[in-house]
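# Residue-level structural notes
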Amino acid sequence: MKTVALLPLLLGLSACGSLVPSTDTPRPPLREDFRPKAASAAEPAPSAPAASHEWRGFFADARLDEVVATALDQNRSLRASAAAVERVRAQYRVTAADRLPEIGVGASATRQRTINGEGATTTYGVNLGLASYEIDLFNRLGSLEGAALSRFLAEQETQRSARLSLAAEVATAWLSLAAAQQRLALNQELRDSQQRSLDLAERQYALGAASGLDRARARTAFESARGDAAESVGAVTQARLQLELLVGQPLPDRLLPTAQEAQGATSLSNASNASNGSSASGAATASGVTALPAIPGGLPAEVLLQRPDLRAAEQRLRAAAFDVGAARAARFPRLTLTASAGTRSPDLDGLFKSGSGVWSIVPQIDLPIFDGGQRRAQVEVSEASRREALAGYESALQSAFREVADALAVRDQLAERLDAQQAQVDAAEQSQRLAERSYRLGGSSQLELLDAQRQLTTAKRALVTLRQTEQSNRVALLRALGGRWTQ
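Residues numbered from 1 in each chain as written. Predicted model: local features only at pLDDT ≥ 70, side-chain atom pairs only at ≥ 80, totals over all residues. Heavy atoms only, no water.

## Some remarks on the overall build of the protein chain
Selection criterion: Runs of E in the DSSP output that reach at least two residues are strands. Runs of H or I that reach at least four are helices, and both are numbered from the N terminus. Any two residues whose heavy atoms approach within 4.5 Å are treated as being in contact. All accessibility values rest on the Shrake-Rupley procedure with a 1.4 Å probe; residue burial counts only the protein chains present in the view.
Scanning the protein chain from N- to C-terminus turns up 11 helices and six strands. The long-range share in the protein chain, meaning contacts at least 24 apart out of those at least 6 apart in sequence, stands at 84%. When the accessible surface of the protein chain is totalled, it reaches about 26000 Å², and 53% of it is carbon and sulfur.

## A few points about the packing of aromatic side chains
Quick reminder of the rule: Pairs were defined over the aromatic rings of Phe, Tyr and Trp, the Trp ring being its six-membered one, requiring ring centres within 6.5 Å. Orientation was assigned from the angle between planes: stacked under 30 degrees, edge-to-face over 60, tilted for the rest. The rule is short: NZ of Lys or CZ of Arg within 6 Å of the ring centre and within 35 degrees of the ring normal puts a charge over the ring.
Here the structure, examined in full by the defined rule, presents one aromatic pair. Lying over the aromatic face of Tyr205, Arg215 brings its terminal NZ or CZ to 4.1 Å of the ring centre.

## A few points about the pattern of salt bridges
Cut-off, in case you're wondering: By convention in these notes, a salt bridge is any Lys or Arg side-chain nitrogen within 4 Å of a carboxyl oxygen on Asp or Glu. Relative accessibility decides the category of a residue: with a 1.4 Å probe and only protein chains considered, values under 20% of the type maximum give buried, values over 50% give exposed, and everything between is partly exposed.
Applying the stated criterion across every chain, the model contains 23 salt bridges. For Arg254, the salt bridge identified is with Glu66, shortest N-O distance 3.1 Å. A residue pair is termed long-range when its members are at least 10 positions apart, and Arg254 in the loop between α6 (212-247) and α7 (259-266) and Glu66 in helix α3 (residues 62-74) qualify at 188 residues. In this structure Arg254 comes out as exposed when scored by relative accessible area, which is 55%. Here Glu223 ties to Arg219 by a salt bridge, and the two come within 3.5 Å at their closest N and O atoms. Of this pair, Glu223 and Arg219 both sit in helix α6, four residues apart, which is roughly one turn of that helix. Among the ionic contacts, a cluster of salt bridges with common partners joins Glu202, Arg215, Arg219, Glu223 and Arg226.

## Details of the nonpolar core
As a reminder of what qualifies: Nonpolar cores were defined as sets of buried Ala, Val, Leu, Ile, Met, Phe, Trp, Tyr and Cys residues, with membership established by side-chain atoms within 4.5 Å.
Formed by 30 residues in total, the largest nonpolar core has its most connected members in Val67, Val68, Val170, Leu243, Val247 and Leu251. Looking at this core, the elements with two or more residues in it are α3, α5 (140-207), α6 and α11 (446-480). Looking at this core, the element that brings in the most residues is α5, giving 12 residues. Counting residues in each nonpolar core, the second largest holds 13 residues, with Leu304, Leu310, Val404 and Leu408 among its members.

## A short note on empty space enclosed by the protein
Defined as follows: Cavities and pockets are found on a 1 Å grid laid over the protein atoms alone: a cavity is a set of points where a 1.4 Å probe fits but cannot escape, a pocket is an open set with protein on both sides within 12 Å along at least five of seven lines, and a lining residue has an atom within 4 Å of such a point. Grid points are joined across faces, edges and corners, and a volume is the space filled by probe spheres set on the points. All amino acids are sorted into three groups, where Ala, Val, Leu, Ile, Met, Phe, Trp, Tyr, Cys and Pro are nonpolar, Asp, Glu, Lys and Arg are charged, and the leftover types, Gly among them, are polar.
Tallied over the entire structure, the rule returns two cavities of 30 Å³ or more. If you add up the space inside the largest cavity, you get close to 60 Å³. Each residue belonging to the lining of the largest cavity can be placed in one class, and the counts come to seven nonpolar, no polar and four charged. Taken as a whole, the second largest cavity holds about 30 Å³ of empty space.

## Looking at the packing of α3 against α6
Counted only if it meets this: Here the axes come from fitting lines to C-alpha atoms, over the contacting stretch only for helices, and the angles between their N-to-C directions go from 0 to 180 degrees. Working definition: roughly parallel below 35 degrees, roughly antiparallel above 145 degrees, roughly perpendicular at 65 to 115 degrees, and oblique for all remaining angles.
At a closest axis distance of 7 Å, the pairing of α3 and α6 adopts a crossing angle of 50 degrees. Taken as axis vectors, α3 and α6 run oblique relative to one another. Across from Val67, Thr70, Ala71 and Gln74 in α3, the residues of α6 making contact are Leu243, Leu246 and Val247. Split into classes, the residues belonging to the contact of α3 with α6 amount to five nonpolar, two polar and no charged.

## A short note on α3
Rules: What a helix is expected to span follows from its residue count: subtract one and scale by 1.5 Å. Polar contacts here mean pairs of N or O atoms no more than 3.5 Å apart (in protein, one a potential hydrogen donor and the other a potential acceptor; neighbouring residues in sequence count only if both atoms are side-chain atoms).
With 13 residues, α3 should reach 18 Å at 1.5 Å per residue; the first-to-last C-alpha distance of 18 Å fits that figure. All of the buried residues along α3 are Arg63, Leu64, Asp65, Val67, Val68, Thr70, Ala71, Leu72 and Gln74. Two or three places before Arg63, at the start of α3, stands the capping residue Asp61, its side-chain oxygen 2.9 Å from that residue's backbone nitrogen.

## Some points on the packing of α3 against α5
Threshold: For any helix crossing, the convention is left-handed if the near helix is rotated counterclockwise from the far helix by under a right angle, and right-handed if that rotation is clockwise.
At their nearest, the axes of α3 and α5 sit 9 Å apart, and the two run at 135 degrees to each other. As the angle between them shows, α3 and α5 are arranged oblique. Crossing hand, α3 versus α5: right-handed. Contacts from Arg63, Leu64, Val67, Val68, Ala71 and Leu72 in α3 reach Arg163, Leu166, Ala167, Val170, Ala171 and Trp174 in α5.

## Remarks on unusual backbone geometry
Here the phi dihedral of Asn139 falls at roughly 60 degrees; this positive angle occurs in a residue that is not glycine. In this structure, Asn139 sits in the loop between β3 (120-135) and α5.

## A look at the side chain of Ser472
By secondary structure assignment, the location of Ser472 is in helix α11. Judged by relative accessible area, which is 18%, Ser472 ranks as buried. Dropping the residues within four chain positions of it, Ser472 is found in contact with Thr172 and Leu175.

## With respect to the confidence of the model for the protein chain
Basically, it comes down to this: You can read pLDDT as the predictor saying how much it trusts each residue, on a scale of 0 to 100.
Averaged over all residues, the pLDDT of the protein chain is 77; the fraction at 70 or higher stands at 72%. Residue range residues 1-7 is modelled with pLDDT below 50. Its contacts to residues more than four positions away, or to other chains, number seven contacts. Segment residues 37-53: pLDDT under 50, and 41 contacts once partners within four positions in sequence are set aside and those in other chains are kept.

## Thoughts on the environment of Arg183
Along the chain, Arg183 turns up in helix α5. Distance in space between the C-alpha atoms of Arg183 and Ala462 is 9.7 Å, their sequence separation being 279 residues.

## Brief notes about a nonpolar patch on the surface
Convention followed: Candidates for patches are residues over 30% relative accessible area with no salt bridge; among them, like charges are joined within 9 Å and nonpolar side chains (Val, Leu, Ile, Met, Phe, Trp, Tyr) within 5 Å.
Together, Ile103, Val105 and Leu128 line one region of the surface with nonpolar side chains, adding up to about 320 Å² of accessible area. Secondary-structure assignment places Leu128 in strand β3.

## A word on the environment of Val94
By the secondary structure assignment, Val94 is in helix α4 (residues 76-97). As for Val94 and Ala148, which are separated by 54 residues in sequence, their C-alpha atoms are 9.2 Å apart.

## Quick notes on the side chain of Arg474
By the secondary structure assignment, Arg474 is in helix α11. Judged by its relative accessible area of 18%, Arg474 is buried.

## Structural notes on the environment of Ser431
Tracing the chain through its elements places Ser431 in helix α10 (residues 374-440). Judged by relative accessible area, Ser431 falls into the partly exposed class, the value being 32%. Residues Ser431 and Asp451, spaced 20 residues apart in sequence, show a C-alpha to C-alpha distance of 9.9 Å.

## Description of α6
The periodicity of an α-helix, 3.6 residues per turn, causes residues three or four positions apart to be oriented the same way. For α6, which comprises 36 residues, the first-to-last C-alpha distance of 53 Å matches the rise-based estimate of 52 Å (1.5 Å per residue) to within 8%. Buried within α6 are the following residues: Ala218, Ala221, Phe222, Ala225, Ala229, Ser232, Val236, Ala239, Leu243, Glu244, Leu246 and Val247. Looking at the buried residues of α6, the elements they touch are α3, α5 and α11. Positioned one or two residues after α6, Gly248 has a phi angle of 100 degrees, which is positive.

Set out below in structure tokens:
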């Protein structure tokens, strides 16, 4: 009975304290915003930034929206990530169950004969037992549960990061396919244009109005354009296969940028459709497929804390702190309690009669005295792991800051670069029209016409690449900021 009276005191000791170090997230020294103060002084900084890990609403093209949704459902790597989350969740439930008492019911029948063989006795029993319940004096079990929960939360954030990365990769691959389609349309248009120039040179040569050199130059330009067009066909095929590999299944043509769109977006102008002097910027100004909110100059670095990969690193840091607490607690005494209550009788029909009840309670304390330094070494291991997790978190934060800063630095110059490239395309179109008109009137050589056509195609290719860069930069910002952010 004295032992029973001590139970409330022993149970009260279970809340005597925790040996877990601080789990507060450190704040490494970084600038408050991603741009220098001079660039952001004229714009107010947004308050209370938040990020949404959902990608829906970011892509303006419904086809790309559907392709990304399919990838998130079919990608095999993402399925493995989801299974890992379920595994860690189940492991957390296992660890949490260790803090609860294990109670069971047992029944027994014992037949015993003495050594001299004078007779045998039989005893029947039924009991309800508490099996080795550990009273968590120093929060060892609580620390293990906290570490398991933090690892589960880290795995969840890792899966969100994988989903966001996959959405960004699929969008980038879709944009690459669209750009490849546009380059193919440009190269095919140039090939057809060079074919017409070659046909004209052949007729002039047959009539004696052109030299063999002019004909050879025309054929050289045509064969070069024909090779570029064939190479572009292969590039389109490769881009499509890369996209389908990310999605995890073949895609129907209706979800892909079409050759007709690319043709309309990159059509070369000629004298017949350029009499009004307008530029063919329609193809060079293919409509955007993303819708990124405006990024203010004073965007605070706090928005990085919404990134799922940083949240995962933060949870891993907390798990390491709980591991330290569990390792420290293992060096202190451990108190376990075994108890049972039931009934016992030599007769089966007397099990539940008055006077047959029995009970027992066995507290046990385990005090480590000598273990060869194993527990101390385990504490050192956990503390080193915590320092490693801290350094990993700070490194991840710095890398995230650099990703956003780099993407914003590229974006700051894109508008001017696009405007300059568009002006170059307009000038090249005018030069090509004038060269073609002059050539037909005999005022310039065929070499000048071929050179003007190549310059126009080169300028338009550069504009296609630059527009792809602008769209990909939006996707990179989506990924670097951890999702669409709002104020």
